[in-house]
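Each chain is listed here by its residues.
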Protein chains: 2
Amino acid sequence: MRTVQDAMDVLNGKWKIAIISALCCFTKRRFSDILTDVVGISNRMLSKELKELEVNQIIKRTLVDTQPITVHYELTEHGKTLQPLIEGLAAWGVVHHKQIVGK
Amino acid sequence: MRTVQDAMDVLNGKWKIAIISALCCFTKRRFSDILTDVVGISNRMLSKELKELEVNQIIKRTLVDTQPITVHYELTEHGKTLQPLIEGLAAWGVVHHKQIVGK
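What counts and what doesn't
- Residues numbered from 1 in each chain as written.
- Chains lettered and ligands numbered in written order.
- Predicted model: local features only at pLDDT ≥ 70, side-chain atom pairs only at ≥ 80, totals over all residues.
- Heavy atoms only, no water.
- Helix = DSSP H or I, 4+ residues; strand = E, 2+ residues; numbered from the N terminus.
- Buried < 20%, exposed > 50% of the residue type's maximum accessible area, 1.4 Å probe, protein only.
- Pairing = 2+ DSSP bridges.
- Contact = heavy atoms within 4.5 Å.
- Axes fitted to C-alpha atoms, helices over the stretch in contact; angles between N-to-C directions.
- Least-squares fit on C-alpha atoms with pLDDT ≥ 70 in both.
- UniProt positions renumbered as here; feature names shortened; annotations may be inferred.
- Lys, Arg positive; Asp, Glu negative; His and termini not counted.
- Salt bridge = Lys/Arg side-chain N within 4 Å of Asp/Glu carboxyl O.
- Phe/Tyr/Trp six-rings, centres within 6.5 Å; stacked < 30°, edge-to-face > 60°.
- Lys NZ or Arg CZ within 6 Å of the ring centre and 35° of its normal.
- Expected span 1.5 Å × (residues − 1).
- Arc of directions from axis to C-beta.

> An account of the overall build of chain A is needed here, citing residue identities and associated values.
Counting secondary structure elements, chain A contains 6 helices and 3 strands. Starting at the N terminus, the α and β elements of chain A follow one another as α-α-β-α-α-β-β-α-α. Viewed in the frame of its principal axes, chain A has a C-alpha envelope of about 55 × 30 × 25 Å. Looking at chain A as a whole, 43% of its 103 residues are labelled buried.

> Can you explain the sheet that holds strand β1 (residues 29-30) of chain B? Please cite residues and give values.
Residue and element names in this part refer to chain B. The strand order β1-β3-β2 describes an open sheet built from 3 strands, whose pairing is antiparallel. Both outer strands of the open sheet, β1 and β2 (59-64), are each paired with one neighbouring strand and no more. Where helix α2 (residues 16-24) meets the sheet, it contacts β1, β2 and β3 (70-75), and its direction lies at approximately 95° from that of β3.

> Which residues make up the relation of the copies chain A and chain B, and what values go with them?
Rotating chain A by 180° and translating it 0.0 Å along the rotation axis places it on chain B, where the RMSD comes to 0.0 Å. Taken together, the rotation angle and the small translation identify this as a two-fold axis. For chain A, the residue whose C-alpha comes nearest the rotation axis is asparagine 12 of chain A, separated from it by 3.0 Å. The fraction of interface residues of chain A whose copies in chain B are also interface residues reaches 100%, indicating that both copies meet through the same surface.

> Please provide a residue-by-residue account of the sheet that holds strand β1 (residues 29-30) of chain A, values included.
Residues and elements named next belong to chain A. Spatial strand order, β1-β3-β2: 3 strands in an open sheet with antiparallel pairing. The sheet is open, and its two borders are formed by β1 and β2 (59-64), each paired with just one other strand. Each of β1, β2 and β3 (70-75) touches helix α2 (residues 16-24); the most contacted strand, β3, lies at about 95° to it.

> Account for the UniProt feature "domain: HTH hxlR-type" (unreviewed entry) in chain A, with residues named and values stated.
Here, UniProt's "domain: HTH hxlR-type" (unreviewed entry) annotation points to residues 2-101 of chain A. Its end C-alpha atoms 33 Å apart, residues 2-101 of chain A is made of 62% helix and 14% strand.

> Can you tell me about the side chain of glutamate 74 of chain A, naming the residues and giving the values?
Residues and elements named next belong to chain A. Positionally, glutamate 74 belongs in strand β3. Here glutamate 74 occupies a buried position and makes no salt bridge, while the nearest side chain of opposite charge, lysine 60, is found at 4.2 Å. Residues contacting glutamate 74, with those up to four places away along its chain left out, are Leu23, Thr27, Lys28, Ile58, Ile59, Lys60 and Thr62.

> Give a description of the packing of aromatic side chains that names residues and reports values.
Evaluated as defined, the whole model comprises 0 aromatic pairs over all chains. Lying across the ring of phenylalanine 26 of chain A, arginine 29 of chain A places its NZ or CZ 3.6 Å from the centre.

> Describe in detail helix α4 (residues 43-55) of chain A, supporting the description with residues and values.
Residues and elements named next belong to chain A. Taking 1.5 Å per residue as the helical rise, α4 with its 13 residues ought to reach 18 Å, and the 19 Å between its terminal C-alpha atoms agrees with that figure. Those residues of α4 lying buried are Leu46, Glu49, Leu50 and Leu53. One side of α4 holds all its buried residues, which, seen down the axis, span an arc of 100°. Away from its buried face, by an angle of more than 90 degrees, α4 presents the exposed residues Arg44, Lys51 and Val55. Considering only its buried residues, α4 is in contact with α1 (2-11), α2, α3 (31-37), β2 and β3. Of the residues trailing α4, glutamine 57 is marked for its positive phi of about 60°.

This is the structure we're talking about:
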């Protein structure tokens, strides 16, 4: 049960899974892109959540020396191992939606 | 992404997954048993979380006419469909623990 908690410590909260899902769909993504992908998240909250995901080695942040400087986010190899789990959650979400609403 | 959120709405928070994991291991479980299984949860919080899981049709609450009256909790058929997901989370938790601590 401890290991399930280890996983949930990383994924918990309202936004983490949504951010990881957004990054699953693209190779690299800018802050402003993710802000559009994850509907309803604030600038400040996205910044906080991205930092936590970076500390947990789920995402990688890269500075690109353009004019103006841009910042890219992408899933790390470790972060990509979450993909099957997120697909599993999405599939279960469909089942659950049908269970609750569909009858 | 909406369907992932549907799943996370049910599973989010500090305790839900731990409670479901505890119920995965047993056919039926009393309130006081779950209180022991889920280390650190308060009486009041367990009561709140169990109610939410019941509303989402993940668990079933049964009154048993014993002396004194006892209350059993068990996973519904719908709740049991979460089992592979929880096993997936546990397996990923092991990988993540090694990634962060293991080097």
